[in-house]
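# Structural overview
In case you want the letters, here they are:
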Amino acid sequence: MKTPIIAIIISLLAPLYMRAAEDTLFKYPEAPDTMSNMTDRCSYVIDHFWDRCNFNHAFTVKEKLNGAMGDYFQLMPYADETVAINSINKLIEKVKKNPTQLLTLAEMAEGYLYSDTARIIWDAGYYPFAEAVASHKKIKQADKARFVAQECILGGSQVGMIAPDITFIDKDGKTKKLSEIPAGYVILFFNEPDCSDCMMTRVRLSADYNINQFIEKGQLNIVSIYPGSAKDAEWIEGLKRVPENWIAGASEEADQLYDMRNKPVIYYLNNRHKILSKSMTADQLIRAFQTINTRTDKAE
């Protein structure tokens, strides 16, 4: 008997399979009944998803191909990530000899995984597509320019990597580097003065008791970076609203090295500047530091 969560997931995905025979590009695989674990079942489908696809035909019906890509990515959050990445690499391998086909799949993947309107924001899954297009010698530079930029950003700013060492101009007009930030964990906060969400996040973080406690102890630094010129009037004016115990700067190179699709963008770094998270919200950060502070108090 399937567990309740598996039953729920299967019920959510049922329409996808019900329309497979008539409305989809090809018949999708089904996991063996012997598999009762949700992750195993979804991983099996992901691993065998494209087995029945005739790629020569698929690119003549791009609307259905795009639908298949959407169904494929829809399963990814429930599958084992290693299996999912391997499946993506196998898919790219099938089409990479044809630059037009590779570019088409990359554009579809961009829409589902990377664009501002993406259904699933998943950089690790999108990166292989951007990398494949960026390195393809037969794709024109004009066609792959944005993929080259994306590959550069994602290739250096994913979770687990050391954060790119940007240069910035601080509020006193001095040139500084991220690597010069004093020891301690870092909240790298990319924002713009006229962004209402950025302003709300700044207010929330600056008012939190636990976060301020860690700053006072020298265990945390909040680095507020404006991705633009230090000469911009809006940044100069916005400095008045940056808390005194934060480090503020402007960096014209920041958006070339860090992913900034939707501002504000928060990167959480450890004391060696390894990226621990790039998707935490202000609420999540506040809860995290509240938990850490509570545990610390109990230990003492």
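Residues numbered from 1 in each chain as written. Predicted model: local features only at pLDDT ≥ 70, side-chain atom pairs only at ≥ 80, totals over all residues. Heavy atoms only, no water.

## Focus on the nonpolar core
Note the threshold: Buried Ala, Val, Leu, Ile, Met, Phe, Trp, Tyr and Cys residues that are joined via side-chain atoms within 4.5 Å together make up what is termed a nonpolar core. Whether a residue is buried, partly exposed or exposed follows from its accessible area with a 1.4 Å probe, protein chains only, as a fraction of its type maximum: under 20%, in between, or over 50%, in that order. Secondary structure elements are taken from DSSP: a helix is a run of H or I of four residues or more, a strand is a run of E of two residues or more, and numbering for both begins at the N terminus. We call two residues in contact whenever any of their non-hydrogen atoms come within 4.5 Å of each other.
Grouped together as the largest cluster of nonpolar side chains are 47 residues, with contacts concentrated most on Trp50, Met69 and Phe129. Of all elements in the fold, only helix H3 (38-48), helix H4 (55-58), helix H5 (62-75), helix H6 (81-95), helix H7 (99-113), helix H8 (123-134) and helix H9 (141-156) reach the threshold of two or more residues within this core. Per-element accounting of this core gives the leading share, 8 residues, to H7. Residues in contact with methionine 69, not counting those within four places in the same chain, are Trp50, Leu91, Leu105, Met108, Ala109, Tyr112 and Phe129.

## A closer look at the side chain of serine 224
Residue position: serine 224 is located in strand E4 (residues 220-226). The class of serine 224 is buried, set by a relative accessible area of 5%. Among residues more than four places away in sequence, those in contact with serine 224 are Phe189, Asn191, Trp246, Ile247, Ala248 and Gly249.

## Remarks on the layout of surface pockets
Heads up, the rule is: Within this scheme a cavity is a closed region of a 1 Å grid, computed over the protein atoms alone, that accommodates a 1.4 Å probe without allowing it to escape, whereas a pocket is open but has protein on both sides within 12 Å along at least five of seven lines; lining residues each have an atom within 4 Å of a point. Grid points are joined across faces, edges and corners, and a volume is the space filled by probe spheres set on the points. Following the grouping adopted for this structure description, the nonpolar residues are Ala, Val, Leu, Ile, Met, Phe, Trp, Tyr, Cys and Pro, the charged ones are Asp, Glu, Lys and Arg, and the polar ones are all others, Gly among them.
Reported here for the largest pocket is a volume of approximately 580 Å³. What lines the largest pocket is a set of 24 residues, among which Val265, Ile266, Lys278, Ser279 and Met280 lie closest to the centre. Going through the elements one at a time, H8, helix H10 (196-207), strand E6 (265-269) and helix H14 (282-299) are the ones with two or more residues in the lining of the largest pocket. Per element, the largest residue contribution to the lining of the largest pocket is 4 residues, and it comes from H10. Residues that form the lining of the largest pocket fall into these classes: 12 nonpolar, 5 polar and 7 charged.

## What to know about helix H11 (residues 209-216)
Under the convention used in this document: In protein, a polar contact means a hydrogen-donor-capable atom and an acceptor-capable atom, both N or O and within 3.5 Å, with residues adjacent in sequence counting only if both atoms are side-chain atoms; elsewhere, any N or O pair within 3.5 Å suffices.
For H11, the full list of buried residues reads Asn210, Ile211, Asn212, Phe214 and Ile215. Where H11 begins, the capping side chain belongs to aspartate 208, and its oxygen is found 3.3 Å from the backbone nitrogen of asparagine 210.

Note that all results are geometric; they support no functional claim without further evidence.
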